[in-house]
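Descriptive structure summary
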Amino acid sequence: MNDGESPQVGRLLQPAPGEDRVTVLLAAFEGWNDAGEAASDALKYLHKLWDAKKVAVIEPDEYYDFQFTRPEVRLASTGGRKIKWPVTKIAQASIPGTNIDVVLVHGIEPSYRWRAYTAELLAKAALLNVNYVVLVGALLADVPHSRPIPVTATCDDEQLSERLNLEASQYEGPIGIVGVLNELALLAGLPTISLWAAVPHYVAQAPSPKAELALLNRIEDFLHVPLSTDELADDAQAWERGVNDLAADDVEIAAYVKQLEEAKDTAELPEATGESIAKEFERYLRRRGTDQP
């Protein structure tokens, strides 16, 4: 219990002085930053869960190579045909029963002018009074599908990282639009965290419901709001059973998965339980609270 103490240690969202509500922007981009489409699917899940409404878009003409990211033609409900362009959609919602507003950003990684694209996005975030940014991504990794999907959380904002007990990213190498947005959001004075799910590289095809669920669980932890994910949990279990069946039919894959499992279990043995059990129990209590009359 915090007994009204402010700031609350471990809490991501704290209103600005004199404000009652707080706004957090969550962003995911299809493409290089989105293994198994886990990140973009997590954003779509939240969009539907919170009944978010579109409030703005970033038009694609200046940012995309349409020979690479092609528009698509769709049949309209009226019977006609309509071209669907790769716009970046910006939607807004209020989380019921909380003082939290969310801005959901979902698009495809642009081809050109990343700094201009990011500046346009941050300008729209300023108009929507965004206080925090949560960037959501997924990468391919040497992890077993049969163990909990790891989600790495990093924060380069000194005050926020101390409050959340997070480390700054130590990654060096190529980055996608998520990395660019992380740096420029921080330069714009927006406390920012990045969440990256590790998708097993031998089952990289979409969808990846277990990785999507892992990302949603971490978002739930940081926002301190319960998320209804029972249906997705069933999908994740069915996905795991399906991969088990595929691995059982291939001796080499089965041996490789066993090797990954042994490495994972050995690495996690010293920290087995503690914080992870506490987080899972806290998540359970939040969800149970929403079920009370």
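Each value, and the rule that gives it
Residues numbered from 1 in each chain as written. Predicted model: local features only at pLDDT ≥ 70, side-chain atom pairs only at ≥ 80, totals over all residues. Heavy atoms only, no water. Helix = DSSP H or I, 4+ residues; strand = E, 2+ residues; numbered from the N terminus. Buried < 20%, exposed > 50% of the residue type's maximum accessible area, 1.4 Å probe, protein only. Pairing = 2+ DSSP bridges. Axes fitted to C-alpha atoms, helices over the stretch in contact; angles between N-to-C directions. Contact = heavy atoms within 4.5 Å. Expected span 1.5 Å × (residues − 1). Phe/Tyr/Trp six-rings, centres within 6.5 Å; stacked < 30°, edge-to-face > 60°. Patch = residues over 30% accessible without salt bridge, like charges linked within 9 Å, V, L, I, M, F, W, Y side chains within 5 Å. Areas by Shrake-Rupley, 256 points an atom, 1.4 Å probe, with all protein chains shown as cover. Salt bridge = Lys/Arg side-chain N within 4 Å of Asp/Glu carboxyl O. Lys, Arg positive; Asp, Glu negative; His and termini not counted. Charge placed at Lys NZ, Arg CZ, Asp CG, Glu CD. Arc of directions from axis to C-beta.

The step from Ala206 to Pro207 runs through a cis peptide bond, and the omega angle for that step is -5°. Note that Pro207 resides in the loop between strand 9 (192-200) and helix 5 (209-223). The phi dihedral of Glu37 is positive, around 55°, even though this residue is not glycine. Note on placement: Glu37 falls in the loop between strand 1 (22-30) and helix 1 (38-49). The partly exposed category is assigned to Glu37, whose relative accessible area is 38%. Phi at Asp51 takes a positive value of approximately 55°, unusual for a residue other than glycine. Note that Asp51 resides in the loop between helix 1 and strand 2 (53-58).

Here seven strands make up an open sheet; going across it, the order is 2-5-6-1-7-9-8 and the pairing mixed. Of all the strands in the sheet, just strand 2 and strand 8 (151-155) have a single pairing partner and so form its edges. If you compare each strand with its neighbour and ignore which way they point, the axes differ by 20° on average. By the bridge criterion, nine bridges tie strand 7 (residues 132-141) to strand 9 in an arrangement that is parallel. Following the sheet pairing, Ala141 is matched in strand 9 by Pro200. Contacts between helix 2 (residues 114-127) and the sheet are confined to strand 1, strand 2, strand 5 (88-94) and strand 6 (100-108), with strand 2 contributing the most and set at about 150° to the helix.

With that settled, the discussion passes to helix 1. Here helix 1 contains 12 residues, and its C-alpha end-to-end distance of 16 Å stays within 8% of the 16 Å for a straight helix at 1.5 Å per residue. Listed as buried for helix 1 are Ala38, Ala39, Ser40, Asp41, Ala42, Leu43 and Leu46. Looking at the buried side of helix 1, the elements it contacts are strand 1, strand 6, strand 7 and helix 5. Positive phi appears at Asp51, one or two residues downstream of helix 1, with a value of about 55°.

A word on the packing of aromatic side chains. A full pass over the atoms with the stated rule returns four aromatic pairs. On the basis of an interplanar angle of 80° and a centroid distance of 6.1 Å, the ring pair of Tyr202 and Tyr256 is categorised as edge-to-face. You can see Tyr202 sitting in the loop between strand 9 and helix 5 and its partner Tyr256 sitting in helix 7 (residues 251-268), a full 54 residues away along the chain. Its relative accessible area of 18% is what places Tyr202 among the buried residues. Given the relative accessible area of 24%, Tyr256 is considered partly exposed.

The grouping of Lys44, Lys54, Lys82, Lys84 and Lys89 at the surface amounts to a positive patch. Relative to the helices and strands, Lys89 resides in strand 5. Classification of Lys89 as partly exposed rests on a relative accessible area of 41%.

Before going further, it helps to examine helix 2. Within an α-helix, residues lying three or four positions from one another point in the same direction, as the helix has 3.6 residues per turn. Counted at 1.5 Å a residue, the expected span for helix 2 with its 14 residues is 20 Å, and the 20 Å between its end C-alpha atoms agrees. Within the sequence span of helix 2, burial applies to Tyr117, Thr118, Leu121, Leu122 and Ala125. Seen along its axis, helix 2 keeps its buried residues to an arc of 130°; they face one direction. Within helix 2, the exposed residues directed more than 90 degrees away from the buried face are Arg115, Ala126 and Leu127. If you follow the buried residues of helix 2, they end up packed against strand 1, strand 2, strand 5, strand 6 and helix 4 (177-187). Immediately downstream of helix 2, the backbone of Asn129 shows phi near 60°, a positive value.

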